[in-house]
Amino acid sequence: MECLSRLLAAHRRHIGTSRGSRALGPFRQDVLILRWFRERGCVHCLARDAGVSQAIGYRYLHERIDVLAEKAPDLHQVLGRGSR
């Protein structure tokens, strides 16, 4: 989970987010997102548990998915690895 938090922290630095300006830090945002992936719970409930609004919960969910997607290999890379 530390790796995920570092990716998000790097993303926030890249887009110029000021330190401490978000309702949740990278680690707590990761907890929210990993719970969503694992439990498929409603974002409203997960956001409430994290102490943020539903809108922020959705924004954090989509931000995290975008950060993870940037690191995912594309189809050509996967097929190239599979053929080796």
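Quick caveat, the model's predicted, so the values are computed rather than measured. (Residues numbered from 1 in each chain as written. Predicted model: local features only at pLDDT ≥ 70, side-chain atom pairs only at ≥ 80, totals over all residues. Heavy atoms only, no water.)

So, the pattern of salt bridges
Counted by the stated rule, this structure contains four salt bridges. Of the charged contacts, one joins Glu-39 and Arg-35 as a salt bridge, the two residues approaching to 3.5 Å between their closest N and O atoms. Remark: Arg-35 and Glu-39 occur in helix H2 (residues 26–39); sequence separation between them is four residues, near one turn of the helix. Classification of Glu-39 by relative accessible area gives partly exposed; the value is 45%. Judged by its relative accessible area of 27%, Arg-35 is partly exposed. Taken together, the shared-partner salt bridges in this structure form one network comprising Arg-35, Glu-39, Arg-48 and Asp-49. (Salt bridge = Lys/Arg side-chain N within 4 Å of Asp/Glu carboxyl O. Helix = DSSP H or I, 4+ residues; strand = E, 2+ residues; numbered from the N terminus. Buried < 20%, exposed > 50% of the residue type's maximum accessible area, 1.4 Å probe, protein only.)

Here's the deal with the packing of aromatic side chains
Considering all chains together, one arrives at one aromatic pair under this definition. Note on Trp-36 and Phe-37: the rings are 5.2 Å apart at their centroids and 65 degrees apart in plane angle, and the pair reads as edge-to-face. When its relative accessible area of 38% is taken as the criterion, Phe-37 is described as partly exposed. We note Arg-40 situated over the ring of Trp-36; from NZ or CZ to the ring centre the distance is 4.5 Å. (Phe/Tyr/Trp six-rings, centres within 6.5 Å; stacked < 30°, edge-to-face > 60°. Lys NZ or Arg CZ within 6 Å of the ring centre and 35° of its normal.)

A closer look at the environment of Val-43
Structurally, Val-43 can be placed in helix H3 (residues 43–50). For the pair Val-43 and Leu-61, spaced 18 residues apart in sequence, the C-alpha separation works out to 8.4 Å. Sequence-distant contacts of Val-43, that is, excluding residues within four places in its chain, are made with Trp-36, Gln-54, Gly-57, Tyr-58 and Leu-61. (Contact = heavy atoms within 4.5 Å.)

As for the nonpolar core
Counting 11 residues, the largest nonpolar core is built from Leu-24, Leu-32, Ile-33, Trp-36, Val-43, Leu-46, Ala-47, Ala-50, Val-52, Tyr-60 and Leu-61. Contributing elements (two or more residues each) for this core: H2, H3 and helix H4 (54–71). Among the elements that take part in this core, H3 stands out by supplying four residues, more than any other. (Core = buried A, V, L, I, M, F, W, Y, C linked by side-chain atoms within 4.5 Å.)

Interpretation in functional terms is not warranted from these geometric data alone.
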